[in-house]
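# Per-entry structural report
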Amino acid sequence: MLKKTIVHIDMDYFFAQIEERENPWMKGKPVIVGADPKKGKGRGVVSTCNYLAREYKIKSGMAISRAYKLAPQGIFLPVNMPLYKKTSDSIFKTVKKVVPSSLIEKVSVDEAYIDITAITTNKKEALKIGGDLKKEIFKKEKLSCTVGISENKMISKIACQLAKPDGLKLIDKQEGRDIIKEMNIQTIPGIGPKTEKVIKELIKIENPTIKDALEIKKEELVRYLGKRGNDFYQKFRGIDASVVTETKEAKSVSKEHTFSKDTRSPDKIIKVFKGLVDDVLMEVKEGEIKNIVVVCRFEDFKTYQKQLSLDKINGGYNSIVKSSTILLLKFLVSSNKKIRLVGFRVGLKNKL
Ligand code: TTP
Ligand code: MG
Ligand code: MG
């Protein structure tokens, strides 16, 4: 029996798998979604890639030029967000046919936690539900996913990661505690490079595992990391008290563009930006928009956002274009650095 039954579901190499489904001839080749590598001179990043491309050490977030060097024979594709979003919506509809939507917390386009404690705490039955989710999604979408099950969110996500791709794995609390001991502390959600550095200094170990981190006293973690320190103290011990909360989706739609060369030319920047705004506004209904966000990344990679709530903007489409352009111009005058990327996002009013 499980104390709680928490399921984590995550699609396998999501954007790239959709591309493979649409173009079956790509199967068996490294598929990289992100940007045009321009024979190694392209400037975007890898969004994701299939598992074959991962064998060449390509991964999400890597410069596309580097990915090209690692696998020049690969198939490089631009991000086709409308298609991925449509597929994501359809997947979530299927998930809601297997479990009630009040139990689902969507955490990204391809990922959700589902608290099925009220349905079952029996391991076999939980695995059956996990298997049903996989089967139904595959039947409808011809896409594989991985399901991890445990007694809390953290361990269910780790179970999912361990079972990837196309896996189904249940780890109970005790097993979870044991498994994570050997893992790097960055396995703990919320521990990024900066926090890792603090912890490394605390225990004076170069590549600390979670077992090493168990040596740190709670007071010490709290002293250096504040409230989060307490949270990490629990998580090192396999405890995660966070609850699955039903997603009342506050969706957003966004587009961004990385310039082929950093620039300060207002003409160039505004022309590209207006194109992004057009693209985004084409995907949403005016009445749905809650706020607009303009994103700007400078040549030194520092990235900033400015946003405006829609009730501060009178009128429709043209006023949104005008207000967002004004926000963008504020970035241009606020700094004399060159601009590397501009982006535009609209937040949508709560659905459901
Ligand atoms: P992930 O679920 O993190 O990755 P994945 O589905 O591609 O691969 P897997 O789960 O099998 O390890 O992300 C889901 C999608 O989000 C991914 O297909 C592309 C997008 N994404 C980015 O655009 N940039 C990123 O840095 C990451 C991590 C994901
Ligand atoms: Mg995924
Ligand atoms: Mg994911």
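The preceding data block contains the structure.
First things first, this report covers the structure right here in the doc. (Residues numbered from 1 in each chain as written. Chains lettered and ligands numbered in written order. Predicted model: local features only at pLDDT ≥ 70, side-chain atom pairs only at ≥ 80, totals over all residues. Heavy atoms only, no water.)

Its boundaries defined by the atoms lining it, the largest pocket holds a volume of some 1,400 Å³. Surrounding the largest pocket, 49 residues form its lining, G34, S47, V79, K255 and E256 being those nearest its centre. The set of elements that each furnish at least two residues to the lining of the largest pocket consists of α4 (81-98), β5 (104-108), β9 (252-263), α12 (266-283), β10 (289-298) and β12 (339-348). Residue composition of the lining of the largest pocket, grouped by class: 19 nonpolar, 15 polar and 15 charged. In this structure, the second largest pocket occupies an estimated 370 Å³ of space. (1 Å grid on protein atoms, 1.4 Å probe; cavity = no way out; pocket = protein on both sides within 12 Å on 5 of 7 lines; lining within 4 Å. Points joined across faces, edges and corners; volume = space filled by probe spheres on them. Helix = DSSP H or I, 4+ residues; strand = E, 2+ residues; numbered from the N terminus. Nonpolar A, V, L, I, M, F, W, Y, C, P; charged D, E, K, R; others polar.)

Listed as protein donors to the magnesium ion (ligand 3) are D10 (OD), D110 (OD) and E111 (OE); their distances from the metal cover 2.2 to 2.3 Å. Sequence spacing of the donors to the magnesium ion (ligand 3): D-x99-D-E. (Donors = N, O, S within 2.8 Å, 3.2 Å for Na, K, Ca; no water.)

It is worth spelling out the sheet that holds strand β3 (residues 48-49) at this point. A sheet is described by the order of its strands in space; here 3 strands give the open sequence β3-β2-β4, paired in mixed fashion. This sheet does not close on itself; its edge strands, each paired only once, are β3 and β4 (75-78). Sheet analysis places strand β2 (residues 31-34) next to β4, joined by 4 bridges and oriented parallel. Its bridge partner lying in β4, V33 is registered against L77. On top of the sheet, helix α1 (residues 14-22) reaches β2, β3 and β4; it is set at about 120° to β2, its chief contact. (Pairing = 2+ DSSP bridges. Contact = heavy atoms within 4.5 Å. Axes fitted to C-alpha atoms, helices over the stretch in contact; angles between N-to-C directions.)

With that settled, the discussion passes to the sheet that holds strand β1 (residues 6-11). Reading across the sheet, the 5 strands line up as β5-β6-β1-β7-β8 and stay open at both edges, with mixed pairing between neighbours. Only two strands of the sheet have a single neighbouring strand rather than two, namely β5 and β8 (168-170). Adjacent strand axes in the sheet meet at a mean angle of 15°, parallel and antiparallel pairs treated alike. Two strands pair when backbone bridges link them, and strand β7 (residues 145-150) and β8 are joined in this way by 3 bridges, in the parallel orientation. Considered in β8, the bridge of G148 is made with K169. Contacts from α4 reach β1, β5 and β6 (111-115) within the one sheet, and its direction differs from that of β5 by about 160°. Running at roughly 140° to β7, helix α6 (residues 153-163) makes contact with β1, β5, β6, β7 and β8 of the sheet.

Tallied over the full model, the rule gives 2 cavities of 30 Å³ or more. One number sums up the size of the second largest cavity: a volume of about 50 Å³. The leading source of residues in the lining of the second largest cavity is α4, at 3 residues.

Fair warning: the whole summary comes from geometry, so function is off the table for now.
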